[in-house]
Amino acid sequence: MTNFGNLKSDVGVKALNDHLGDKSYIEGFSPSQADSAEAARVREERLAAYAAKKAAKPGPIARSQILLDVKPWDDETDMKELEKKVRTVTMDGLVWGASKLNPLAYGIMKLSILCTVEDAKVSVDDLTEKIQDYEDFVQSVDVAAFNKV
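Residues numbered from 1 in each chain as written. Predicted model: local features only at pLDDT ≥ 70, side-chain atom pairs only at ≥ 80, totals over all residues. Heavy atoms only, no water.

Chemist: Give me the overall build of the chain: which residues, what numbers.
Modeler: Looking only at helices and strands, the chain features four helices and four strands. Taken from the N to the C terminus, the helices and strands of the chain come in the order α-α-β-α-β-β-α-β. Against the globule reference of 15 Å for 149 residues, the chain gives a C-alpha radius of gyration of 36 Å, more extended than a compact globule. Overall, the chain is about 110 × 25 × 25 Å in size when its C-alpha atoms are taken along their principal axes. Taking all 149 residues of the chain together, 23% fall into the buried category. Put simply, 65% of the contacts in the chain that link residues at least 6 apart link residues at least 24 apart. Roughly 10900 Å² of accessible area belongs to the chain as shown, and the carbon and sulfur atoms make up 54% of that amount. (Helix = DSSP H or I, 4+ residues; strand = E, 2+ residues; numbered from the N terminus. Rg over C-alpha atoms; globule rule 2.2 N^0.38 Å. Buried < 20%, exposed > 50% of the residue type's maximum accessible area, 1.4 Å probe, protein only. Contact = heavy atoms within 4.5 Å. Areas by Shrake-Rupley, 256 points an atom, 1.4 Å probe, with all protein chains shown as cover.)

As structure tokens, this is what we get:
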């Protein structure tokens, strides 16, 4: 171990400065070229790691909220049974929400039902076709509202 003597005297401070002068981490109040190169290398490594982490992170899941109007054939259609049939349609990424019976015309009611779908997994056309497969109950299915969530 190097002895610098009394660091409160000029001789001790000069001995310390001479000892540290050839070290790469300290060179007065400004960084040495070795320090600058090391800092640049560390910065590049951290930027590369951050970019890799950001690229690996998945984006948000695109979802849509859809209000469907399901219209029956006539006023004698059992609307509770119609709603049960519609809710039996299951797909990955499909979640059924609230429903309501709204008057259509001449005593006929339509079923307005809300669903939330993941855009990448559920096609609206496939969904409406599956609902229309219940031909005894369903005359047509219309998209009343389509909102991105």
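Chemist: Just give me the short version of the side chain of Asn 102, but keep the residues and values in it.
Modeler: Of note, Asn 102 is situated in strand S2 (residues 94-105). Given the relative accessible area of 19%, Asn 102 is considered buried. For Asn 102, the side chain forms a polar contact with the side chain of Ser 112, separated by 2.8 Å. (Polar contact = N/O pair within 3.5 Å; in protein donor to acceptor, adjacent residues only side chain to side chain.)

Chemist: Pulling in residues and values, what's your account of the pattern of salt bridges?
Modeler: Counted under the stated rule, the structure contains 11 salt bridges. With its nearest N and O atoms 2.6 Å apart, the salt bridge here joins Glu 38 to Arg 41. Pair noted here: Glu 38 and Arg 41 are both in helix H2 (residues 33-56), with a separation of three residues, about one helical turn. You can call Arg 41 partly exposed: its relative accessible area is 39%. Asp 92 serves as the salt-bridge partner of Lys 121, at 3.4 Å between the closest nitrogen and oxygen. Linking Lys 121 in the loop between strand S3 (108-118) and helix H4 (124-132) with Asp 92 in the loop between helix H3 (79-87) and S2, this pair joins segments that are 29 residues apart in sequence. (Salt bridge = Lys/Arg side-chain N within 4 Å of Asp/Glu carboxyl O.)

Chemist: Can you explain H3? Please cite residues and give values.
Modeler: Taken together, the buried positions of H3 are Met 79, Leu 82, Glu 83 and Val 86. The buried residues of H3 all sit within an arc of 100° when viewed along its axis, so they share a single face. Across H3 from its buried face, at more than 90 degrees, point the exposed residues Lys 80 and Lys 84. Packing partners of the buried residues in H3 comprise strand S1 (63-72), S2, S3, H4 and strand S4 (138-148). The opening residue of H3, the one whose side-chain oxygen lies 3.3 Å from the backbone nitrogen of Lys 80, is Asp 78. (Arc of directions from axis to C-beta.)

Chemist: Could you give me a rundown of the sheet that holds S4, with the residues and numbers involved?
Modeler: Pairing is antiparallel in the open sheet, where four strands are placed in the order S2-S3-S1-S4. Edge positions in the open sheet fall to S2 and S4, since each of these has one partner strand only. If you compare each strand with its neighbour and ignore which way they point, the axes differ by 20° on average. Relative to S3, S2 is paired through nine bridges, and the arrangement is antiparallel. Each residue of the ladder has a partner; that of Trp 96, found in S3, is Cys 115. The sheet strands contacting H3 are S1, S2, S3 and S4, and the helix crosses S3 at an angle near 15°. Contacting S1, S2, S3 and S4, H4 crosses the sheet at an angle of about 150° to S4. (Pairing = 2+ DSSP bridges. Axes fitted to C-alpha atoms, helices over the stretch in contact; angles between N-to-C directions.)

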